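Summary of structural features
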Amino acid sequence: MSAAENLVRPGPPPGTVDPRAPRVGAAITSVLLIIGVFLSLIGTSTGGNLGGLSLGQRVADPGFLMQLVVAVLFAWSLIAPASQPLTVIFRRLVRPRLAPPTEWEDARPPRFAQAVGLTVVGIGLLLHLIGVPWALVIAGSAAFIAAFLNAAIGFCLGCEIYLLLVRAGLIGRGQRAAV
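Predicted, not measured: the structure shown is a model, and the values here were computed from it. (Residues numbered from 1 in each chain as written. Predicted model: local features only at pLDDT ≥ 70, side-chain atom pairs only at ≥ 80, totals over all residues. Heavy atoms only, no water.)

In this section: the overall build of the protein. The helix and strand tally for the protein stands at eight helices and two strands. Listed by position from the N terminus, the elements making up the protein come as α-β-α-α-α-α-β-α-α-α. Dimensions of the protein, computed from C-alpha atoms along their principal axes, come out at roughly 65 × 40 × 30 Å. Sorting the 179 residues of the protein into buried and exposed places 31% on the buried side. When contacts within the protein are restricted to residue pairs at least 6 apart in sequence, those whose partners lie at least 24 apart make up 76%. (Helix = DSSP H or I, 4+ residues; strand = E, 2+ residues; numbered from the N terminus. Buried < 20%, exposed > 50% of the residue type's maximum accessible area, 1.4 Å probe, protein only. Contact = heavy atoms within 4.5 Å.)

Bringing the environment of Val 120 into the picture now. Looking at the element boundaries, Val 120 is found in helix α6 (residues 108-129). When the C-alpha positions of Val 120 and Met 66 are compared, they lie 14 Å apart, and in sequence the two are 54 residues distant. The residues contacting Val 120, other than those within four sequence positions of it, are Ala 139, Ala 142 and Ala 143.

Okay, the environment of Glu 160 next. Secondary-structure assignment places Glu 160 in helix α8 (residues 157-167). Among the residues examined, Glu 160 registers a relative accessible area of 32% and is labelled partly exposed. Placed 132 residues apart in sequence, Glu 160 and Ile 28 show a C-alpha to C-alpha distance of 21 Å.

Leu 32, Leu 33, Val 70, Val 121 and Leu 125 are the most contacted members of the largest nonpolar core, which has 14 residues in total. Of all the secondary-structure elements, those providing two or more residues to this core are α2 (20-42), α4 (62-79), α6 and α7 (135-153). Of the residues forming this core, the biggest block, six residues, is contributed by α4. In this structure Leu 32 touches Met 66, Val 70 and Leu 73, once residues within four positions along its chain are discounted. (Core = buried A, V, L, I, M, F, W, Y, C linked by side-chain atoms within 4.5 Å.)

This paragraph deals with α8. The complete set of buried residues in α8 reads Gly 158, Cys 159, Tyr 162 and Val 166. With its buried residues spanning 100 degrees around the axis, α8 presents them on a single face. With respect to the buried face of α8, the exposed residues turned more than 90 degrees away are Leu 164 and Arg 167. Where α8 is buried, its residues touch α6. Among the residues trailing α8, Gly 169 stands out with phi positive, at a value near 80 degrees. (Arc of directions from axis to C-beta.)

Let us look at a nonpolar patch on the surface. A grouping of Leu 55, Val 59, Leu 65, Leu 68, Val 72 and Trp 76 is seen on the molecular surface, where their side chains present a nonpolar patch of about 480 Å² in accessible area. For the nonpolar patch, the secondary structure elements donating two or more residues are α3 (55-59) and α4. For the nonpolar patch, the element with the highest residue contribution is α4, accounting for four residues. By the element assignment, Leu 68 lies in helix α4. Residue classification places Leu 68 among the partly exposed positions, given a relative accessible area of 35%. (Patch = residues over 30% accessible without salt bridge, like charges linked within 9 Å, V, L, I, M, F, W, Y side chains within 5 Å. Areas by Shrake-Rupley, 256 points an atom, 1.4 Å probe, with all protein chains shown as cover. Salt bridge = Lys/Arg side-chain N within 4 Å of Asp/Glu carboxyl O.)

Attention now goes to unusual backbone geometry. Here Trp 134, not a glycine, exhibits a phi torsion of approximately 70 degrees, which is positive. Relative to the helices and strands, Trp 134 resides in the loop between α6 and α7. The exposure class of Trp 134 is partly exposed, given its relative accessible area of 40%.

Counted under the stated rule, the structure contains two aromatic pairs. The interplanar angle of 55 degrees and the centroid separation of 5.6 Å between the aromatic rings of Phe 112 and Tyr 162 together place this pair among those described as tilted. Of the two residues, Phe 112 is situated in helix α6 and Tyr 162 in helix α8; the sequence distance between them amounts to 50 residues. By relative accessible area, which is 22% here, Phe 112 ends up partly exposed. Look at Phe 144 and Phe 148: their rings are 5.6 Å apart centre to centre, the planes differ by 25 degrees, and that puts the pair in the stacked class. With Phe 144 and Phe 148 both in helix α7 and four residues apart, this pair spans about one turn of that helix. (Phe/Tyr/Trp six-rings, centres within 6.5 Å; stacked < 30°, edge-to-face > 60°.)

Printed below as a string of structure tokens:
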């Protein structure tokens, strides 16, 4: 084996992720979400006249745009996780500086957590577009709390929900695929 081959780290086994990757992604997502919540607080989303604004004015709200970026990142992680920007940042900039992981994590719970994040932020975005005040702030704050818990202490709320649903037999093992 050549010296160059020794430097190449093997990727994760199929269906798994480095457990540190979701935490790094959650840290970056937390920063983006707290910026989005702040921008929502100072933008149009908390005003009583949100319903009176045009759709274009609601879309142009900086808080809406920042949370839209987060929603796109969540959706990207569901569609093409290997090319999602936060995954690429971890793989190229962070992982090479760390020791190899001692174990790999099932990719399904973190992916489910991304879907939960997309749902929460997406609901806030949709409610904002139809003129519901405070929707961006509330949805962005809820998503921030979940992402921050994952980043700061490794508690993945979406992963825990996934595991509860598996134990209840609602998803995962034993459930038949919908035809």
